[in-house]
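# Inside the fold
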Amino acid sequence: MSIRISSNTPDDEPGSALLPVRDRIDEDLRTHPAVRLAVEAVPLMHRTTAGERFGPVRLIQRDSDVAVVFAADTTRWAVLVQPGGDSPKASVIIGVPNPRANFGRSFRASYLERLNVHQSGDPSVAKEQPEAGWMALTGIAAEGVSQFEVRSSLDTDTGGVGADDGVVFAVLRARWREKLQVAVTLASGETVPINHPSVRPPS
């Protein structure tokens, strides 16, 4: 099961080129069993296009589940890998296009543009919602933001923000339909909480 919780993504302006991905492709991850399975869940066109950079950039493991973040020249993906005994399965949690080259980042640091939150989890045998699942939060941070921290009641994910494209891509475990708490860190070291209806207010 995969749900979209919220999105404030506007239409891309015509005629603008995509920014190239700045994430470092991790060669050491390519042979990881979860990565080998997860790569098959990413659309074939993004794995085979000649000259397109594609590969894993992060691996997040919680118990027996693994989330793998991939990057290519046009899109990033978070893929969930669940063991399932002799038949493990992989499914895309979210795929997010890279921002356009003319995308402005002069907005306030307490806001994330193009904020998207997706959650993925398996319903129970009785078709009831799961207690928890994986959640992916993406957005574009303002100029001067260098780090992000995303928290749920179960997990925390932190990482760097692309200096050129400002992309925030967090993947973590969370209770079903829980609102995440998000903060970013400026180059000066100041921490700024994100205020948005789709995330939890600062405590």
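This write-up is about the structure you can find in this document. Each chain carries its own residue numbering, running from 1 in the written order of its sequence. Given that the model is predicted, a residue must reach a pLDDT of at least 70 before its local features are reported, and side-chain atom pairs must reach 80 or more before they are shown or counted; all residues, however, enter totals for whole chains, interfaces and linings. To get the side-chain values, take all heavy atoms of the structure and skip hydrogens and water.

### Looking at the side chain of N98
- Counting from the N terminus, the helices are the DSSP runs of H or I reaching at least four residues and the strands are the DSSP runs of E reaching at least two. As for its position among the elements, N98 is in the loop between strand 5 (89–97) and strand 6 (113–120).
- Pairs of N or O atoms within 3.5 Å make up the polar contacts considered here, provided that, within protein, one atom can donate a hydrogen while the other can accept it, and that residues adjacent in sequence are counted only when both atoms are side-chain atoms. A polar contact of 2.7 Å, which involves the side chain of N98, links it to the side chain of R76.
- It only takes one pair of heavy atoms within 4.5 Å for two residues to be counted as in contact. Those residues within four positions of N98 in sequence are excluded, and the remaining contacts are L18, L19, V21, A72, D73, T74, T75 and R76.

### Describing the packing of aromatic side chains
- The rule is short: rings of Phe, Tyr and Trp, with Trp giving its six-membered ring, pair when the centres are within 6.5 Å, and they are stacked under 30 degrees, edge-to-face over 60, tilted in between. Counted according to the given criterion, the structure contains three aromatic pairs.
- Plain terms: the ring middles of F54 and W77 are 6.0 Å apart, the flat faces sit at 75° to each other, and that makes the pair edge-to-face. Linking F54 in strand 2 (residues 54–62) with W77 in strand 4 (residues 75–82), this pair joins segments that are 23 residues apart in sequence.
- With a relative accessible area of 13%, F54 lands in the buried category.
- An aromatic cluster of three or more residues is present, and its members are F54, F70 and W77. Each residue is assigned to one of three classes by its accessible area relative to the maximum for its type, calculated with a 1.4 Å probe on protein chains only: buried under 20%, partly exposed between the two thresholds, exposed over 50%.

### Some words on the environment of E113
- With respect to the helices and strands, E113 occurs in strand 6.
- When the C-alpha positions of E113 and V168 are compared, they lie 10.0 Å apart, and in sequence the two are 55 residues distant.

### What about the environment of A174?
- Residue position: A174 is located in strand 10 (residues 167–175).
- Spatially, the C-alpha atom of A174 lies 6.2 Å from that of M135, the residues being 39 residues apart in sequence.
- Dropping the residues within four chain positions of it, A174 is found in contact with Q119, A132, G133, M135, S152, L154 and L180.

### Quick look at the sheet that holds strand 4
- Reading across from one edge, 2-3-4-5 is the order of the four strands in this open sheet, with antiparallel pairing throughout. Bordering the open sheet on either side are strand 2 and strand 5, each of which pairs with just one other strand. This sheet shows a mean twist of 20° between the axes of neighbouring strands, independent of strand direction.
- As defined by bridge partners, strand 3 (residues 65–72) adjoins strand 4 across six bridges and the pair is classed as antiparallel. When the sheet's bridge partners are listed, F70 is paired in strand 4 with W77. Only strands that DSSP links by at least two bridges are regarded as paired with each other. The angle between two axes is taken between their N-to-C directions and runs from 0 to 180 degrees, where each axis is a line fitted to C-alpha atoms and a helix contributes only its stretch in contact.

### A word on the nonpolar core
- Judged by nonpolar contacts, the single largest core of 26 residues is most densely connected at L112, L137 and V150.
- Of all the elements, strand 10 adds the most residues to this core, at four residues. Here the nonpolar core consists of buried residues drawn from Ala, Val, Leu, Ile, Met, Phe, Trp, Tyr and Cys, with membership extended through side-chain atoms lying within 4.5 Å.

### Here's the deal with the pairing of strand 6
- Across the eight residues that make up strand 6, a large majority, seven, are buried.
- Sheet topology places strand 6 next to strand 7 (residues 132–140); six bridges connect them, and they run antiparallel. Its bridge partner lying in strand 7, H118 is registered against A136.

### Regarding the pattern of salt bridges
- Within this document, salt bridges are pairs made up of a side-chain nitrogen of Lys or Arg and a carboxyl oxygen of Asp or Glu, the two lying within 4 Å of each other. Summed over all chains, the structure comprises seven salt bridges.
- One salt bridge in this structure joins R30 and E27, with 2.8 Å as the shortest N-O distance.
- In this structure, a network of salt bridges that share partners links the residues D23, R76 and D165.

### Comments concerning the pairing of strand 7
- Most of strand 7 sits out of view: nine of its nine residues are buried.
- Examined bridge by bridge, strand 7 and strand 10 share nine bridges and lie antiparallel to one another. Bridge pairing in strand 10 links L137 to A170.

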